[in-house]
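Next come the chains, spelled out residue by residue.
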Amino acid sequence: MRGAYRKVRAVKNRLLNLVDPPVIILLYHRVADLPADPEMLAVSPENFRLHLTFLKQQFKVVRFEEDWTQLKKSAVAITFDDGYADNAVEALPIIEEVGVPVTFFVSTGNIGTDREFWWNRLEKILLQKGRFPASFRLDDSRFGRTWDSATLEQRHSMYNTLVALMQRVTPDRRESWLNQLEQWAGPVESGENFHRSMSHDEIKKLAASPWASIGAHTVTHSALSALTEEQQRKEIFTSKQELENMAELEITTFSYPFGRKQDYNNISVRLSQEAGFVKVASNFPGQVHRWTDPYQLPRHLVRNWDLSKFREEIESFWTR
Ligand SMILES: [Zn+2]
């Protein structure tokens, strides 16, 4: 039955595409070869070059912030979230070499510092080898609990639970948990910093490229739905303002952190409109048609696929 339903939907979508050619928006995060990548955010430079070359040969590639309502045929838009340094160091040269427009949504809280995103800090604390205490007790009025933590396997399951919980709490609460974990684990081997955000100069480099555009992605990368209206306002307006100061450009686009329906709410949508954004990206699959809400644009997440898998996935994006 499921197969039959999928087929009917695919035929329906193909017909719809003839009437109103859609745009599909791709979502990348990082271009890097990483020793470990538990969130599967990175695409290798080799695969990224193959993806872009294929897209440029096969489709019209449009800019995220353009008006798409007059497009006569279907098109693809490319976006990045978060603002990792590899966006400027690894991705931008490939983007310029191939020649396709890309929009980068940047969280500003770590820009110009060595601080890492909270999920990278959590990974660094929990997913390293070495001796750990037999258990960890999280001190929190609502989420407090104890985990077994002696083996790497136990810490993997602890990581998975905590990464999901930390998406749904305020930045202060998350910071307190990370501090508890850092004290409990003792000094973490710092090693090479694979996870830094862009520097001010790297933001300027993106701003100066004819192929790159910059959008906002909050300050602390928290799910907006976990925050009060005032906190949401601060996250949205401050990241816009900070990027405008750094890039010396008007910032007219935004993407919701995590971006699934449960990660933002009506207040987030209203504040995005109030901030003057013309388009806002979410993170669930779908196509953009003339009738799609410009403040909740669907995107397809891209993984580290080789070319044949990428072609197959792109093909499926036109029908789902
Ligand atoms: Zn993000």
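Below is a short write-up of the structure. Please read these numbers as outputs of a predicted model, since none were measured by experiment.

**Remarks on the overall build of the protein chain**
Phase 1 of the analysis: Scanning the protein chain for helices and strands turns up 10 helices and 12 strands.
Phase 2 of the analysis: Computed over the C-alpha atoms, the radius of gyration of the protein chain is 20 Å, within 12% of the 20 Å expected from 2.2 N^0.38 for a compact globule of 320 residues.
Phase 3 of the analysis: Along the three orthogonal principal directions, the C-alpha set of the protein chain runs to about 60 × 50 × 40 Å.
Phase 4 of the analysis: Counting the 320 residues in the protein chain, one finds 52% classified as buried.
Phase 5 of the analysis: Accessible surface, the protein chain: about 15200 Å² in total, of which carbon and sulfur atoms supply 51%.

**A look at the packing of helix 2 (residues 45–58) against helix 10 (residues 307–317)**
How two helices pack is summed up by the angle between their axes together with the distance between the axes.
Phase 1 of the analysis: The interhelical angle for the contact between helix 2 and helix 10, taken along N-to-C directions, is 45°, at an axis separation of 10 Å. Comparing their axes, helix 10 and helix 2 come out oblique. The crossing of helix 2 and helix 10 is right-handed. Judged by residue contacts, Leu50, His51, Phe54 and Leu55 of helix 2 engage Leu307, Phe310, Arg311 and Ile314 from helix 10.
Phase 2 of the analysis: Broken down by class, the residue content of the contact of helix 2 with helix 10 amounts to 6 nonpolar, 1 polar and 1 charged.

**Observations regarding the pattern of salt bridges**
Where charged atoms of side chains with opposite charge meet at close range, the side chains can pair.
Phase 1 of the analysis: Applying the stated rule across the entire model yields 16 salt bridges.
Phase 2 of the analysis: Salt-bridge contacts for Glu182 lead to Arg121; the nearest nitrogen and oxygen are separated by 3.4 Å. With a gap of 61 residues between them, Glu182 in helix 6 (residues 171–185) and Arg121 in helix 4 (residues 118–126) connect regions that are remote in the sequence.
Phase 3 of the analysis: Given the relative accessible area of 18%, Arg121 is considered buried.
Phase 4 of the analysis: Because the salt bridges share partners, they merge into one network encompassing Glu229, Glu230, Arg233, Arg270 and Glu274.

**Focus on the coordination of the zinc ion**
The expected angle between donors at a tetrahedral four-coordinate metal is 109.5 degrees. At an octahedral six-coordinate metal it is 90 or 180 degrees.
Phase 1 of the analysis: Coordination of the zinc ion by the protein is provided by Asp82 (OD), His217 (NE2) and His221 (NE2), with metal-donor distances spanning 2.0 to 2.2 Å.
Phase 2 of the analysis: Donor residues binding the zinc ion come from one chain and are separated in sequence as D-x134-H-x3-H.
Phase 3 of the analysis: His217 gets classed as buried once you look at its relative accessible area, which sits at 0%.
Phase 4 of the analysis: By relative accessible area, which is 3% here, His221 ends up buried.

**Points about the side chain of Ser239**
Phase 1 of the analysis: Mapped onto the elements, Ser239 comes out in helix 8 (residues 229–247).
Phase 2 of the analysis: Sequence-distant contacts of Ser239, defined by excluding residues within four places in its chain, comprise Thr108, Ala216, His217, Thr218, Val219, Lys234 and Phe254.

**Points about the environment of Ala85**
Phase 1 of the analysis: Relative to the helices and strands, Ala85 is located in the loop between strand 5 (75–82) and helix 3 (86–98).
Phase 2 of the analysis: You can call Ala85 buried: its relative accessible area is 6%.
Phase 3 of the analysis: Sequence separation between Ala85 and Leu227 is 142 residues; the distance between their C-alpha atoms is 27 Å.
Phase 4 of the analysis: Residues contacting Ala85, with those up to four places away along its chain left out, are Arg196, Ser197, Met198 and Glu202.

**Some points on the pairing of strand 1 (residues 23–28)**
Phase 1 of the analysis: When you tally the buried positions in strand 1, you get 6 out of 6 residues, the bulk of the element.
Phase 2 of the analysis: Where burial is concerned, the two faces of strand 1 agree: the one with Val23, Ile25 and Leu27 and the one with Ile24, Leu26 and Tyr28 are both buried.
Phase 3 of the analysis: Sheet topology places strand 1 next to strand 5; 6 bridges connect them, and they run parallel. Residue pairing across strands places Ile24 opposite Val76, the latter belonging to strand 5.
Phase 4 of the analysis: Judged from the 2 bridges that link them, strand 1 and strand 12 (residues 300–301) form a sheet pairing that is parallel. If you follow Leu27 over to strand 12, its bridge partner there is Leu301.

The rules behind these values
The residue count restarts for each chain, going from 1 along the sequence in the order it is written. Local features are withheld for residues below a pLDDT of 70 in this predicted model, meaning they are given only at 70 or higher, and side-chain atom pairs are given and counted only at 80 or more; totals for whole chains, interfaces and linings count all residues. Side-chain numbers here rest on the full set of heavy atoms in the structure, without hydrogens or water. Per the convention used, a helix needs a DSSP run of H or I reaching at least four residues, while a strand needs a run of E reaching at least two, with both numbered from the N terminus. Within these notes, the globule rule equals 2.2 Å times the number of residues to the 0.38 power, and the radius of gyration is based on C-alpha atoms. Each residue's exposure class comes from its accessible area (1.4 Å probe, protein chains only) as a fraction of the maximum for that residue type: buried when under 20%, exposed when over 50%, partly exposed otherwise. In these tables, accessible area is a Shrake-Rupley quantity obtained with a 1.4 Å probe, and a residue counts as shielded only by the protein chains included in the view. Axes here mean lines fitted to C-alpha atoms, for a helix over just the part in contact, with angles spanning 0 to 180 degrees between N-to-C directions. Here the angle decides the label: under 35 degrees means roughly parallel, over 145 means roughly antiparallel, 65 to 115 means roughly perpendicular, and every other value means oblique. Put simply, a crossing is left-handed when the front helix is turned counterclockwise from the back one by less than a right angle, and right-handed when it is turned clockwise. Contact definition: two residues touch when any of their heavy atoms are within 4.5 Å. Polarity classes work like this: nonpolar for Ala, Val, Leu, Ile, Met, Phe, Trp, Tyr, Cys and Pro, charged for Asp, Glu, Lys and Arg, and polar for all others, with Gly in that last group. By salt bridge we mean one thing: a side-chain nitrogen of Lys or Arg within 4 Å of a carboxyl oxygen of Asp or Glu. In this analysis a donor is any N, O or S atom within 2.8 Å of a metal ion (3.2 Å for sodium, potassium and calcium), and since water is not included, sites may seem incomplete. Whether two strands pair depends on DSSP finding at least two bridges between them.

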